[in-house]
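Chain by chain, the residues:
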Amino acid sequence: MKKTLKVFKFGGASIKDADSIKNVASILERFREEKLIIIVSAMGKTTNALEKVVSAHNYGNTELARQLLDDLKKAHYQIMDALFEPGDEVYSIVNDTFVESEWVLDEPPHENYDFMYDQIICVGELAASRIVSSYLNRRGLRTQWLDARDVILTDDIYREGWVQWEETEERYAHKVPPMLESPGFVLTQGFIATTSENATTTLGREGSDYTAAIFSHLSDAESMTIWKDVPGVLTADPRIFDNVSKLDRLSYKEAIEMTYYGATVIHPKTIKPLQNKSIPLYVKSFVNPDGEGTVISGDVEEVYPPIVTIERNQALLQISTRDFSFVAEHHISQLFTLIADQRLQVNMMQNSAISFSVCVNDTDDKVLRFIGHIEKNFKVILDRELQLITVRHYTEEVLQNLLGGKIVMMEERSRGTVQVVVKDVPVISWKAS
Ligand code: ADP
Ligand code: ASP
Ligand code: MG
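Now for a description of the structure that goes with this document. These numbers were taken from a predicted model, which means no experiment stands behind them.

Considering the pairing of strand 12 (residues 346-351)
Piece 1. With 5 bridges joining them, strand 12 and strand 13 (residues 355-361) adopt antiparallel strand pairing. Across the sheet, N351 pairs through a bridge with F356, a residue of strand 13.
Piece 2. Counted along the chain from strand 12 to the antiparallel partner strand 13, the turn is 3 residues long.

Concerning the sheet that holds strand 4 (residues 185-189)
Piece 1. Strand order in the open sheet formed by 8 strands is 3-4-2-1-7-9-10-8, and the pairing between neighbours is mixed. The two strands at the open ends of the sheet, each matched to only one other strand, are strand 3 (143-145) and strand 8 (249-251). Strand-to-strand twist across the sheet, computed as the mean angle between neighbouring axes with direction ignored, equals 20°.
Piece 2. Of the pairings in the sheet, the one linking strand 2 (residues 36-40) to strand 4 comprises 4 bridges and is parallel in character. Note on strand 4: the bridge partner recorded for I39 is T188.
Piece 3. Running over the sheet, helix 1 (residues 18-29) touches strand 1 (6-10), strand 2, strand 4 and strand 7 (223-228) and is turned about 165° from strand 1.
Piece 4. Here helix 6 (residues 123-138) sits on the sheet and contacts strand 2, strand 3 and strand 4; the angle it forms with strand 4, its principal contact strand, is near 160°.

Regarding the sheet that holds strand 12
Piece 1. On the basis of which strands lie adjacent, the open sheet formed by 6 strands has the order 12-13-11-14-16-15 and antiparallel pairing. With one partner strand each, in any of the chains shown, strand 12 and strand 15 (406-414) form the two edges of the open sheet. Across the sheet, the mean angle from the axis of one strand to that of its neighbour is 30°, orientation sign disregarded.
Piece 2. Where strand 14 (residues 378-392) lies against strand 16 (residues 417-424), 6 bridges are found, and the strand directions are antiparallel. Considered in strand 16, the bridge of L388 is made with V421.
Piece 3. On the sheet, helix 13 (residues 366-374) packs against strand 11 (307-321), strand 13 and strand 14 and is oriented at approximately 140° with respect to strand 14.

Digging into the site of ligand 2
Piece 1. Around ligand 2, the neighbouring residues are S41, A42, T47, E125, F191, R205, E206, G207 and S208.
Piece 2. The side chain of E125 places a nitrogen or oxygen atom 2.7 Å from a nitrogen atom of ligand 2.
Piece 3. Within the backbone of E206, a nitrogen or oxygen atom sits 2.7 Å from an oxygen atom of ligand 2.
Piece 4. In terms of residue class, the shell around ligand 2 is made up of 2 nonpolar, 4 polar and 3 charged.

Points about the site of ligand 1
Piece 1. Taken together, 18 residues form the shell around ligand 1, and within it K9, K228, D229, D237 and R239 come nearest.
Piece 2. Between ligand 1 and the protein, one listed contact pairs an oxygen atom with a side-chain N or O atom of K228 at 2.8 Å.
Piece 3. Contact distances for ligand 1 include 2.8 Å between an oxygen atom and a side-chain N or O atom of R239.
Piece 4. Taken together, the residues of the shell around ligand 1 sort by class into 8 nonpolar, 4 polar and 6 charged.

Observations regarding the packing of helix 12 (residues 332-341) against helix 13
Piece 1. Close contact between helix 12 and helix 13 brings their axes to 10 Å; oriented N to C, the two are set at 145°. Considering only the axes of helix 12 and helix 13, their crossing is right-handed. Contacts between helix 12 and helix 13 involve L335, L338 and I339 from the former and F370, H373 and I374 from the latter.

Reading the values: the criteria
- Within each chain, residues carry numbers counting from 1 in the order of the written sequence.
- Chain letters start at A and ligand numbers start at 1, both assigned in the order the entries are written.
- A pLDDT threshold of at least 70 governs which residues receive local features in this predicted model, and a stricter bar of 80 or more applies before side-chain atom pairs are shown or counted, although totals over entire chains, interfaces and linings include all residues.
- In computing side-chain values, all of the structure's heavy atoms are included and hydrogens and water are not.
- When DSSP finds two or more bridges between a pair of strands, those strands are recorded as paired.
- Helix and strand labels come from DSSP, where a helix needs a run of H or I of at least four residues and a strand needs a run of E of at least two; each type is numbered from the N terminus.
- Note on method: axes are straight lines fitted to C-alpha atoms, helices fitted across the in-contact stretch only, with angles between N-to-C directions ranging 0 to 180 degrees.
- Residues are treated as being in contact if the distance between any of their heavy atoms lies within 4.5 Å.
- If even one non-hydrogen atom of a residue comes within 4 Å of a molecule or strand, that residue is called near it.
- In the analysis that follows, any N or O atom pair within 3.5 Å is treated as a polar contact, provided that within protein one partner can donate a hydrogen and the other can accept it, and provided that, for residues neighboring in sequence, both atoms belong to side chains.
- Basically, the charged four are Asp, Glu, Lys and Arg, the nonpolar ten are Ala, Val, Leu, Ile, Met, Phe, Trp, Tyr, Cys and Pro, and anything else, Gly included, counts as polar.
- What makes a crossing left-handed is the near helix being turned counterclockwise from the far one by less than a right angle; a clockwise turn instead makes it right-handed.

Below is the structure:
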């Protein structure tokens, strides 16, 4: 069967204001004749701003929450003013979209914070997708709007839903192919999904790339493209390092390793659904759409320069048995069950006779919850605010440069890869008397 469908994902940076949305439309003009499923996330930093709304409401400061949500609504209206004629139907559609989050603020804060978070935060993607799709139609690019929650079903772990693939496939088959038969593009939201009870869930921060991969998988897409503010995947984050270069081609394996350890250019869950169906992933620049970008696929020769990733907000836990029993023989499975229950992302681990050290992403209060579960039986030493530096295809020179001014807390070397958990050397000022 000839594959002709492509999946495009436009993230927050690519639709952050009216001019950016116009630029997206210009890129899409080039694909006017093609079948596209387009995924958009919330505009600019909307999701960060919505997190403040959730937090204010949770602390009982509902007036502030309402004010912050209203500011965001106004910011969306300002963007619409630059894209649409007054009285365009998009205004009432976006207004109705915000009403759903406003209703949540009319209720007292929900006891399940994560549930409440998802019911409010989804307005970012919903409003952005309404605005972009209406604008594309206005530009003569026919576009049908799809609610991603009619397709992607997850379990009921809010803020980090796991996709229920079988049901999702069924929902997709029912909903999307008829839309694809009609002329024009199909446009939907990243990041959001639903439970079987019709409550909104999300796939984890920055999860829109993953949504695009889910749709690519479901639709047997010919390729997936994510449009970014960088020329492609680089050897390190250009916000941190200035001597970076573009990687023209990457294997799925290299990409999954890089992204798992903090290359935030692609969400780590993106690669697997693509790799399973050998769908190539292009990372291209929305600033320079003619650039070659990076292609990630299965058939790449594995020769790479040193690639550096830095993951911040790391916690290191040294867990020791209180009764001097061997940790590996008696306790590892218990500890791992609890780690999985808390959905902690483990980045590195080491064990000795009676202790087990693990470096994890320090998100929200997950680490403290985990410690709460184990401290009866284990002694725990916790270090926070650490960084994990991963260098793949390392050279000693690159490594020494990176480690200057850092205290190494844990280190592991395997063939070609070094991982180091570090903290900054405290600056001690002293005066000779
Ligand atoms: P989106 O607009 O889709 O949300 P992101 O901001 O999440 O895009 O991702 C793009 C950013 O990822 C870049 O601006 C860059 O700073 C960062 N980044 C981190 N690591 C890399 C890397 N190895 N290559 C390219 N960009 C990277
Ligand atoms: N808007 C969501 C976030 O900022 C999802 C995404 O951008 O991919 O996390
Ligand atoms: Mg992002």
